[in-house]
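# Structure at a glance
Residue strings, one per chain:
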Amino acid sequence: MISESLYNEYLAALIEGDKKKCHKLVKDLLDNNISLYDLYVHLFQGSLYHVGHLWEINKISVATEHMATSITESVLTLAYPRIFAADHKGKKAVVSCLVNEYHQIGGKMVADIFEINGWDGYFLGANTPKKELLNMIQEKQPDMLALSLSIYFNMNSLYDVLNDVQKSSPELKVIVGGQAFRWGGRDVGEKFPGVEYVPSIKDLETLLLENE
Amino acid sequence: MNNHNLINTNCPNLENYLQNNAALLLLLLAPDGRIIDANKYARDIVGQEITGENLSSVIVDFSNTFSLEQTLEKNEISHLFNVTSYTGLPQTFYFRFIRQGENILAIGELNHLEVEDLRKNLTSLNNEFSNLNRELHKKNAELVKLNDLKNHFLGMAAHDLRNPIGAIQNLSEFLLEETGDKLNSEHTKFINVIHSSSKYMLNLLDQLLDIARIEAGKLDLDIRPTDIIELIKSCVYLNKVLAEKKKVEIQFHHYERFPDIELDAMKIEQVMHNLLSNAIKFSDPGSTIFVSAFLSNEHITVSVKDEGPGIPKEDIEKLYKPFSKTSVKLPDGEKSTGLGLAIVHKIILGHLGKIWVESKVGEGSSFYFSLPVKSPVKK
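Residues numbered from 1 in each chain as written. Chains lettered and ligands numbered in written order. Predicted model: local features only at pLDDT ≥ 70, side-chain atom pairs only at ≥ 80, totals over all residues. Heavy atoms only, no water.

### Description of the interface of chain A and chain B
Contacts between chain A and chain B engage 23 residues on the former and 14 residues on the latter. Note on chain A versus chain B: buried area summed over both sides is about 1500 Å², and carbon and sulfur give 49% of it. Three residues stand out in chain A for area buried against chain B, namely His 66, Phe 84 and Tyr 102 of chain A, and they jointly supply 33% of the buried area on that side. Summed over the shared surface of chain A and chain B, the number is 3 salt bridges. Along the contact surface separating chain A from chain B lie 15 residue pairs in polar contact (both at pLDDT 80 or more). Of all the secondary structure elements, the ones that give two or more residues to the side of chain A that touches chain B are α4 (62–83), α5 (105–116) and β2 (119–123) of chain A. A total of 7 residues in the side of chain A that touches chain B trace back to one element, the largest contributor, which is α4 of chain A. Its residues placed into classes, the side of chain A that touches chain B shows 11 nonpolar, 7 polar and 5 charged. (Contact = heavy atoms within 4.5 Å. Buried area = accessible area lost by both parts, 1.4 Å probe. Salt bridge = Lys/Arg side-chain N within 4 Å of Asp/Glu carboxyl O. Polar contact = N/O pair within 3.5 Å; in protein donor to acceptor, adjacent residues only side chain to side chain. Helix = DSSP H or I, 4+ residues; strand = E, 2+ residues; numbered from the N terminus. Nonpolar A, V, L, I, M, F, W, Y, C, P; charged D, E, K, R; others polar.)

### As for the sheet that holds strand β3 (residues 144–148) of chain A
Residues and elements named next belong to chain A. Here 5 strands make up an open sheet; going across it, the order is β2-β1-β3-β4-β5 and the pairing parallel. In this open sheet, the two strands that pair with only one neighbour each are β2 and β5 (195–197). On average, each strand axis in the sheet is tilted by 25° relative to the strand beside it, whichever way the strands run. As defined by bridge partners, β3 adjoins strand β4 (residues 173–177) across 5 bridges and the pair is classed as parallel. By the bridge assignment for β4, Met 144 is matched with Lys 173. Docked against the sheet, α5 engages β1 (91–97), β2, β3 and β4, running at close to 160° with respect to β2. Lying over the sheet, helix α6 (residues 130–140) contacts β1, β2 and β3, oriented at roughly 175° with respect to β1. (Pairing = 2+ DSSP bridges. Axes fitted to C-alpha atoms, helices over the stretch in contact; angles between N-to-C directions.)

### Re the domain arrangement of chain A
Residue and element names in this part refer to chain A. Taken domain by domain, chain A comprises domain 1 (4–83) and domain 2 (91–210). Look at where the C-alpha atoms of domain 1 and domain 2 centre, and you get two points 24 Å apart. Each partner contributes to the interface: domain 1 provides 16 residues, whereas domain 2 provides 14 residues. For the pair domain 1 and domain 2, the summed buried surface comes to about 1400 Å²; carbon and sulfur atoms form 62% of the total. Of all residues in domain 1, Tyr 37, Tyr 40 and Glu 73 give up the largest surface area on contact with domain 2, accounting jointly for 37% of the area buried on that side. On inspection of domain 1 and its partner domain 2, the count reaches 2 salt bridges. Measuring nitrogen to oxygen at the nearest pair gives 2.6 Å for the salt bridge that ties Arg 182 to Glu 56. Where domain 1 meets domain 2, there are 5 residue pairs in polar contact (both at pLDDT 80 or more). Of all elements in the fold, only α3 (36–56) and α4 reach the threshold of two or more residues within the side of domain 1 that touches domain 2. The greatest single-element share of the side of domain 1 that touches domain 2, amounting to 9 residues, is contributed by α3. Residues belonging to the side of domain 1 that touches domain 2 are distributed by class as follows: 10 nonpolar, 3 polar and 3 charged. (Domains from an automatic or database assignment.)

### Section: the side chain of Thr 226 of chain B
Residues and elements named next belong to chain B. Residue placement: Thr 226 occurs in strand β7 (residues 224–226). On the basis of relative accessibility, which here comes to 11%, the residue Thr 226 falls in the buried class. A distance of 2.8 Å separates the side chain of Thr 226 from the backbone oxygen of Arg 224, its partner in a polar contact. (Buried < 20%, exposed > 50% of the residue type's maximum accessible area, 1.4 Å probe, protein only.)

### Quick look at the sheet that holds strand β1 (residues 25–29) of chain B
All names here are of chain B. Sheet architecture is open: 6 strands sit in the order β2-β1-β6-β5-β4-β3, paired in antiparallel fashion. Two strands in the sheet have a free side with no partner beyond their single neighbour: β2 (35–38) and β3 (59–60). One ladder, built from 2 bridges, connects β3 with strand β4 (residues 79–84); its direction is antiparallel. Residue pairing in the sheet places Val 60 in a bridge with Asn 82 of β4.

### Re the nonpolar core
Residue and element names in this part refer to chain B. Ranked by size, the top nonpolar core spans 57 residues in total, and within it Ile 232, Met 272, Leu 276, Ile 289, Val 291 and Phe 369 carry the most contacts. Each of domain 2 (116–215) and domain 3 (224–372) gives at least three residues to this core. Those residues within four positions of Leu 276 in sequence are excluded, and the remaining contacts are Cys 235, Val 236, Asn 239, Ile 250, Ile 289, Val 291 and Val 304. (Core = buried A, V, L, I, M, F, W, Y, C linked by side-chain atoms within 4.5 Å.)

### Some remarks on the pattern of salt bridges
All names here are of chain B. Scanning the model with the defined rule gives 22 salt bridges over all chains in all. Ionic pairing is found between Arg 96 and Glu 109, a salt bridge with its closest N-O pair at 3.5 Å. In this pair, Arg 96 is assigned in strand β5 (residues 90–100) and Glu 109 in strand β6 (residues 103–109), connecting sequence segments 13 residues apart. Overall, the relative accessible area of 31% leaves Glu 109 in the partly exposed class. Here Glu 142 makes a salt bridge to Lys 138, at a shortest N to O gap of 3.8 Å.

Take a look at the structure:
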């Protein structure tokens, strides 16, 4: 588990832009064999939500928020040797952000959660055009598609993509999630039967266990 | 503060803000371009001691084309300048020049669209970089798994093939010894082919097992203090039998008294046998192989020098790669698995030593390896 004092130390370093300290804290946790779930949910996700909240209440600038995100992207790589060493079950997921979505870290963490659970998690990155996404689905033939949305105003782009995905790959299981759904859109499954809103990483893990 | 106003606005609060807080670079210039005063932002960006300097010493103007007078005459609205900042990195500001009495007020500001573009591009590049990094780790993990699988398969296949091929070799040897002149010459030739082929295959399988073991991280070294001179002498002695068959001489020189070296004796014997058998293989009758050993900087260096055909420069990099063949033609009747030097390389690296070769086509090759006297490898 992540202790409160360690969490606070990491968060302070993240906001100060002290990449070296963040690296050291995460490396020590990994050396002490911390569970990847704890690391992802309680440290990375928790601290990024905290940073996002500080930005929303105008306590930190957008530059600080971007720096914190960049540092998190960088410390994620420390866990990769463990994440990608997991035994694979032969299942594939394509994870992507939509066009005009520049916040990619949530999507990337979701792709890593797929890997931790023995799936191949292909992450397409931020600002992915619809055509590129549809091509990738054809190429990889995934068992699941996960779409990340961080800006509520891009909800219509999501509907547009879902429309096309359901036409071209009607059997494909699609899940959606991200910070945009705090403001609405959780009823996406009613508009697009078969599409599931997944509110948290914990729910994603439960879903993956059900899909084994 | 000088005895004039940097900004005259009739609004003290606004003046105070522009002087101390605004993210605008404000310089009050004398008609000759000398900086009379600067606000806090300008001093923070350019340096605290800028008053008294000339504007030309603050801006980067390699072509020396800027003229303050002409700019004012033309009434230019905006002029791009790269300002030498305290960090040493130039920063671009868009300047406006406004007459203020006999002096000139220079106002520099950042282009927010440019900054926004930069931020977007940086974010996108950072995303791209971190995604490539992720992809690289993923591919690397896949390659490691495939390599493990290959080694597992190699080890299993080699192990299962070893017993039947060993039986073929032993029985063909038995047949050659026992049948004597009972077989006609053609049949004896056939059995000779079976014997030499199975011997080659057995050697290949042993080397494959070695490679598979080493690549699976199972190069277990039994590091002990060893009299390396005795070890080399024993290897030279054993290889002399083979060398004499080809009328090749082996000489071993060493000039110093050596301390015991910390190494895995069996593995270093394997290295020596391999280097010596290669040297013999490529030596012409009547030639000599020189083996020597010397100490320097807490390391022992051993060399095996032959007078063979030598190795072309472009082949040297390939030498330690498994199954790689060089352009050097093997003498008649000689065979190579292409694994020997790969194993030698891995054994020396496992000891945290070094291996290298010096060679000249037509003159011969010298293989060197060096090992630390005190092994840093955990025992």
